[in-house]
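One-letter residues, chain by chain:
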Protein chains: 2
Amino acid sequence: MFDVSVFLFQDDYIPYPRIEEVLERGGAYPQVILPEFGGYWIEDPDAPPPADSRGKEEVEEEETAPGDYGYRLEEINEAARAYRKHFLGREHLNFSCSSSSVGNLLLSVRHEQEKEHEHLLVIIRSRVKSVYHRLSLAELPDIPSVPELAKLLCDEAAGLRFSPVLYPKASQLIVNYDEHEVNNTYKFGVIYQRFGQVSEEELFRNNEETPAFTEFLQLLGDTVDLQDFKGFRGGLDVSHGQTGSQSIYTVHRQQEIMFHVSTKLPFTEGDAQQLQRKRHIGNDIVALVFQEEATPFVPDMIASNFLHAFVVVQAEEPCSETTSYKVSVTAREDVPPFGPPLAAPVFKKGPEFREFLLTKLINAELACYKSDRFARLEERTRAALLDSLHDELQRRSQSMLGLTPGPEEEGRGENGQAHGGLLESIKVNCVSSVFETSYCQ
Amino acid sequence: MFDVSVFLFQDDYIPYPRIEEVLERGGAYPQVILPEFGGYWIEDPDAPPPADSRGKEEVEEEETAPGDYGYRLEEINEAARAYRKHFLGREHLNFSCSSSSVGNLLLSVRHEQEKEHEHLLVIIRSRVKSVYHRLSLAELPDIPSVPELAKLLCDEAAGLRFSPVLYPKASQLIVNYDEHEVNNTYKFGVIYQRFGQVSEEELFRNNEETPAFTEFLQLLGDTVDLQDFKGFRGGLDVSHGQTGSQSIYTVHRQQEIMFHVSTKLPFTEGDAQQLQRKRHIGNDIVALVFQEEATPFVPDMIASNFLHAFVVVQAEEPCSETTSYKVSVTAREDVPPFGPPLAAPVFKKGPEFREFLLTKLINAELACYKSDRFARLEERTRAALLDSLHDELQRRSQSMLGLTPGPEEEGRGENGQAHGGLLESIKVNCVSSVFETSYCQ
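Residues numbered from 1 in each chain as written. Chains lettered and ligands numbered in written order. Predicted model: local features only at pLDDT ≥ 70, side-chain atom pairs only at ≥ 80, totals over all residues. Heavy atoms only, no water.

With an unreviewed UniProt entry as reference, chain A is termed RAP1 GTPase activating protein 2b, source organism Neolamprologus brichardi.

> Tell me about the environment of B:Ala157, and name the residues and values.
All names here are of chain B. Looking at the secondary structure, you find Ala157 in the loop between helix H5 (146–153) and strand S6 (163–164). A relative accessible area of 1% places Ala157 in the buried class. Along the backbone, Ala157 and Pro147 are 10 residues apart, and their C-alpha atoms lie at a distance of 7.8 Å. Residues within four places of Ala157 in sequence aside, it is in contact with Leu105, Pro147, Ala150 and Lys151. (Helix = DSSP H or I, 4+ residues; strand = E, 2+ residues; numbered from the N terminus. Buried < 20%, exposed > 50% of the residue type's maximum accessible area, 1.4 Å probe, protein only. Contact = heavy atoms within 4.5 Å.)

> How would you explain the confidence of the model for chain A if you had to name every residue and give the values?
All names here are of chain A. Averaged over every residue, the pLDDT of chain A is 85; residues scoring 70 or more account for 84%. Mean pLDDT values over the elements of chain A span from 31, in helix H13 (residues 432–436), up to 97, in strand S11 (residues 286–291). Scored below 50 in pLDDT, residues 53–63 shows 23 contacts in the model against residues more than four places distant or in partner chains. (pLDDT = per-residue confidence, 0-100.)

> Give me the lowdown on the domain arrangement of chain A, citing residues and values where you can.
Taken as a whole, chain A is organised into domain 1 (78–167) and domain 2 (185–370). Between domain 1 of chain A and domain 2 of chain A, the C-alpha centre-to-centre distance is 42 Å. (Domains from an automatic or database assignment.)

> Which residues make up the sheet that holds strand S5 (residues 130–136) of chain A, and what values do they have?
All names here are of chain A. Strand order across the open sheet formed by five strands is S5-S4-S3-S2-S6, with antiparallel pairing between neighbours. Whereas interior strands pair on both sides, the edge strands pair on one side only; in this sheet they are S5 and strand S6 (163–164). Its contacts with the sheet put helix H5 (residues 146–153) on strand S2 (93–99), strand S3 (103–114), strand S4 (117–125) and S5, and the angle it makes with S4 is roughly 70 degrees. (Pairing = 2+ DSSP bridges. Axes fitted to C-alpha atoms, helices over the stretch in contact; angles between N-to-C directions.)

> Describe the interface of chain B and chain A, and please don't skip the residues or the numbers.
Listed by partner, the interface residues are 36 residues for chain B and 36 residues for chain A. Summing both sides of the interface, chain B and chain A together bury roughly 2,700 Å²; the carbon and sulfur share of this comes to 63%. It is B:Glu91, B:Leu93 and B:Met400 that lose the most area in chain B upon contact with chain A, and together they represent 24% of the buried surface on that side. Counting every contact that joins chain B to chain A gives four salt bridges. As a salt-bridge pair, B:Arg396 and A:Asp142 come within 3.3 Å of each other at their nearest N and O atoms. Across the chain B-chain A interface, the total number found is 10 residue pairs in polar contact (both at pLDDT 80 or more). Mapped by element, the contributors of at least two residues to the side of chain B that touches chain A are strand S2 (93–99), strand S3 (103–114), H5 and helix H11 (372–400) of chain B. Its residues placed into classes, the side of chain B that touches chain A shows 21 nonpolar, seven polar and eight charged. (Buried area = accessible area lost by both parts, 1.4 Å probe. Salt bridge = Lys/Arg side-chain N within 4 Å of Asp/Glu carboxyl O. Polar contact = N/O pair within 3.5 Å; in protein donor to acceptor, adjacent residues only side chain to side chain. Nonpolar A, V, L, I, M, F, W, Y, C, P; charged D, E, K, R; others polar.)

> Break down the pattern of salt bridges for me, citing the residues and quoting the values.
Using the criterion set out here, one finds 38 salt bridges over all chains in the structure. In this structure, A:Arg127 engages A:Asp387 in a salt bridge whose closest nitrogen and oxygen atoms are separated by 3.0 Å. In this pair, A:Arg127 is assigned in the loop between S4 and S5 and A:Asp387 in helix H11 (residues 372–400), connecting sequence segments 260 residues apart. Residue classification places A:Arg127 among the partly exposed residues on the basis of a relative accessible area of 33%. Among the ionic pairs, B:Lys349 bridges to B:Glu215, the shortest N-O distance being 3.1 Å. On the criterion of sequence distance, the pair formed by B:Lys349 in the loop between strand S14 (346–348) and helix H10 (351–368) and B:Glu215 in helix H8 (residues 211–220) is long-range, its members being 134 residues apart. With relative accessibility at 7%, the residue B:Glu215 sits in the buried group. Because the salt bridges share partners, they merge into one network encompassing A:Asp142, B:Glu392, B:Arg395 and B:Arg396.

Right under this line is the structure:
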């Protein structure tokens, strides 16, 4: 697929066929094709499932709850949740360090005694990552010092000097920092593709909601009135009706999902781009593509720096007792594979398909966060948030010791405001106008 | 009663009648008389009950539990239990300070958020006292600094510099320190006084356990075999039978009580002092005196620096359906009054009398701790323990920061060993031989 040779020998490179060519050829159309120059992968239903397709965290749950078809949300960074799970509200110590070599570090350490067994629970946060470790004290003569613990978890952190965090409300700031990358809300695009449509202009021009599409939307979630909607609004206007009057919303495993349905977003007469629609769907990371007939979809059809993965669903025998859906999944090359695996690509309409689809969408977004683009953004965000957390904790600690006149900027927002998932964090910490126009390549 | 004039004008002082004189006079003997030169108080059954005879802590309990006659254990220093109750295992910070003016200080601070209400819970420990305070943050612009908190709770602690405690296991050392004055075990003497006995030699020579005395002992608690006894042994020998084969033991409101019964302790032929018996009863702080007939008891009859209070019980119609007991209470002048008040001094035999008696005994001991002698001992103990705690926490904190080679004296006992009530602490921290002979005035 996507290959370094594209750049080196572009003249010699034989591109994949264009979507127009595929359509012209006729016959049994593939549901998804690769762009001419690749850059995406398409999930192979015959591939063996990846070993880690089930999150460890989730496997602990009751395996056989009613209505549970065994589709698991994939685990995100354990360290991001470790502080809330093991430290918050309990006895522990926090230490910070500002080093010219590795930047700011923030370390949390808790002593745990379970009968005979002693452990130290340690989290170390640096600009590039957070690491959580549970260290048995059985073999150690004494509790390691903070510099020793830092070295243990993070090779680069050798020979540093740490100072204690002495602010009684520090833990709330720290948990907000740790959870800046924890997301419980998702927004996904839903694009209606008619037979033979090959461009985003064509897609966004579709206004008709056919019975088959309505049937599919009802399976996804509830149709909600946007006016005064109290759940997660996913950027939609709930006050002035600027983004349409209704949308599709659901909650799956405590995760709130708002869909951006192309046909429900406002249609603007005379706007070929349909910016009112693209503004939302083009800023989503994952989108569903709904096809009523067999027709090829190509993931570069919609120009967007955000969209990284597509779940393509084709209705078969819609609006009948035997409605079923054929599913394909495609994502950019730098998005790692995600579960649940597409073992048999045709699903009967029903709760199991719904659970598969919602799980696949959420896992797709979590996987997209690991792509180069979002990982880089996240790293920049982490670093900025960590620096600001470090400064605040230092200032508060000094003030607690009575060594400074005390904080004067009480009105200043705390890191807490930056809570609300990766994207929220990025948006808060970067110049927002960069992103408002980012879908226009 | 006891008066400074005794010393100033001893020649003019008219002493109370000696016990021999009281006996010679005959007639209706008072149950307890004052020593010739006073120094004790006798509880007046007609006095109004003191306002604080019920501990606040205890009043919160169910008032009408079955078998609960409303007799309450009196509250001891709230600060001694505050750390376990509000800090241990929860997020909090500890700070220590070594000042030339007030000695070592150890401060604990915890931020508490209950809905809208923010509080700081603070304990400050000095050589002379511990103070616990719950400070509302509602009126404050920000969290006060540690020096400000110290000043707030302890006027003398102004302008000090505190350093943080950074040892992950510090809380266990701190709770051990705080609870060095918390006692859940008690030992009380039980002395059998026959009619007309006026000296400790006579009392300790009694060997016969009459049916009336046996009936009373059975009301107090269970007769237990000392060999391999697993409960609180109150200094009795549970391995080699050196202190007799049986004793009386009971548990009252989670407090373990071992009685030192004069007739059950070994009798030594030819020892006028009966040191085997006096060694235990003379080192108790509170003793019961059991009388089978009306006869006067005088509290200086037994020479002891420890014994500070006596509960004197006289059986009436013993070993019958209508057995009852007449009770008098006497204590040294510097022992504050203690409850439950002796409203009607004659009790029918039964569970209510038992509860009254055990409560009165425990409260007597708690009150005796406030007498000059024990308060002074406690202060010396506090100071020694606090100094050693401070040093250990400082050393451990430095080591945690990696600033010292680390602790080398791993085998050294921690303060934890000093746990087990006021007396245990005193004994551990002072030269024990001083106390082994202290009952001989």
